[in-house]
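Chain by chain, the residues run as shown.
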Amino acid sequence: MKVDLHNHTVLCNHATGTVNEYVEAAIACGTEFFGFSDHAPMHYDPKYRMAFDQMPLYEEWVKEAQERYRDEITVLLGYEIDFLPGYMDEGVMTRPCDYLIGSVHFIDDWGFDNPEFIGRYAGANIDDVYRRYFGLVETMALSGRFDIVGHLDLLKVFKYLPTKDIRLLAEGALKAIKKADMSIEINVSGYRKPIAEAYPSPLLMEEIAALEIPITFGSDAHCKEQVGLYSSEVESLARSVGYDKCALYRGRDREMIKF
């Protein structure tokens with residue numbers, strides 16, 4: 001991936017390796033723009049994210065890497081923020097950085113992508129769960145607070161798939177993303193999960209391309225070995241629906257570059 005904007009650090013409590021190790025892995029992969037977007041602090045589920053008082057340390061690590069590797073790669077500073085109404089912190093939302101990824105990991109109190117809570121799928125009306133999920137993505141987009149949509153169809157992670165056409169279930173969310181002028185990342189982490197494909201799916205990528213929504217890329221790496229995995233697959237997916245440019249952010253401003 002020429003551009004790789006979604007990567008984590010040990011501060012999220014479920015990643016390993018140093019910032020420098022990730023950056024060096026990205027350099028080895030030929031990445032030119034590498035972004036950290038670790039899980040931002042929030043007054044909910046603290047064991048899977050950095051603490052509020054760790055934000056300066058996180059930013060210091062990234063800025064040190066920017067200087068250390070400035071002649072080899074451009075390192076960017078972002079945050080991945082869980083869209084969970086009532087729990088997001090305004091100080092985090094307005095933190096100076098290059099970009100904010102907005103992600104939905106919770107439906108009410110259910111962390112649906114966490115294997116600890118996979119049992120809650122049993123007996124659920126999966127179409128209704130998808131409607132609720134994409135409703136949250138739509139609301140997130142309409143908030144106008146984020147730059148990039150994280151792993152758009154994350155709900156498919158454990159292969160619980162809807163019976164209704166996913167394009168219809170996601171229609172309102174995609175229109176809201178278009179209206180908000182957000183980008184959608186092609187996130188490779190799905191290849192490492194039971195679903196074994198990228199987020200978003202090829203079907204959704206067709207709809208995204210038809211709406212001319214900008215795309216970008218993310219390894220969603222939680223260890224150095226995951227940096228740059230499946231790069232050719234996701235770039236091929238993007239090209240298959242007509243993309244040859246992807247989004248890059250600096251200071252919350254977007255530019256489009258060839259990949």
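Our structure's up above, just so we're on the same page.
Nothing here was measured: the structure is a model prediction, and the numbers come from that model.

Enquirer: Summarise the overall build of the protein chain; cite the residues concerned and give the values.
Expert: A tally of regular secondary structure across the protein chain gives eight helices and 11 strands. For 259 residues, the compact-globule estimate of 2.2 N^0.38 gives 18 Å, and the C-alpha radius of gyration of the protein chain, at 17 Å, lies within 12% of that figure. On the principal axes, the C-alpha backbone points of the protein chain span a range of 50 × 40 × 30 Å. By residue count, 54% of the 259 residues in the protein chain fall in the buried class. By sequence separation, contacts in the protein chain at least 24 residues apart represent 74% of the contacts at least 6 residues apart. Approximately 10800 Å² of the protein chain is accessible, and the part contributed by carbon and sulfur atoms is 49%. Charged side chains of the protein chain number 27 positive and 42 negative; the gap between the two group centres comes to 3 Å.

Enquirer: So what's going on with unusual backbone geometry? Which residues, and what values?
Expert: Apart from glycine, the bulk of residues carry a negative phi angle, and the bulk of peptide bonds sit in the trans form. Residue Tyr-199 is joined to Pro-200 through a cis peptide bond whose omega torsion reads 0°. Positionally, Pro-200 belongs in the loop between strand 8 (183-187) and helix 7 (202-210). Phi at Glu-212 takes a positive value of approximately 55°, unusual for a residue other than glycine. Relative accessible area serves as the criterion here: at 62%, Glu-212 is assigned to the exposed category. Residue Arg-252 is not a glycine yet carries a positive backbone phi of 70°. Position of Arg-252 relative to the elements: it lies in the loop between strand 10 (245-250) and strand 11 (253-258).

Enquirer: Give a detailed account of the side chain of Asn-114, specifying residues and quantitative values.
Expert: Residue position: Asn-114 is located in the loop between strand 6 (110-111) and helix 4 (126-143). Setting aside residues up to four positions removed in sequence, Asn-114 forms contacts with Tyr-48 and Phe-158.

The rules behind each value
Residues numbered from 1 in each chain as written. Predicted model: local features only at pLDDT ≥ 70, side-chain atom pairs only at ≥ 80, totals over all residues. Heavy atoms only, no water. Helix = DSSP H or I, 4+ residues; strand = E, 2+ residues; numbered from the N terminus. Rg over C-alpha atoms; globule rule 2.2 N^0.38 Å. Buried < 20%, exposed > 50% of the residue type's maximum accessible area, 1.4 Å probe, protein only. Contact = heavy atoms within 4.5 Å. Areas by Shrake-Rupley, 256 points an atom, 1.4 Å probe, with all protein chains shown as cover. Lys, Arg positive; Asp, Glu negative; His and termini not counted. Charge placed at Lys NZ, Arg CZ, Asp CG, Glu CD.

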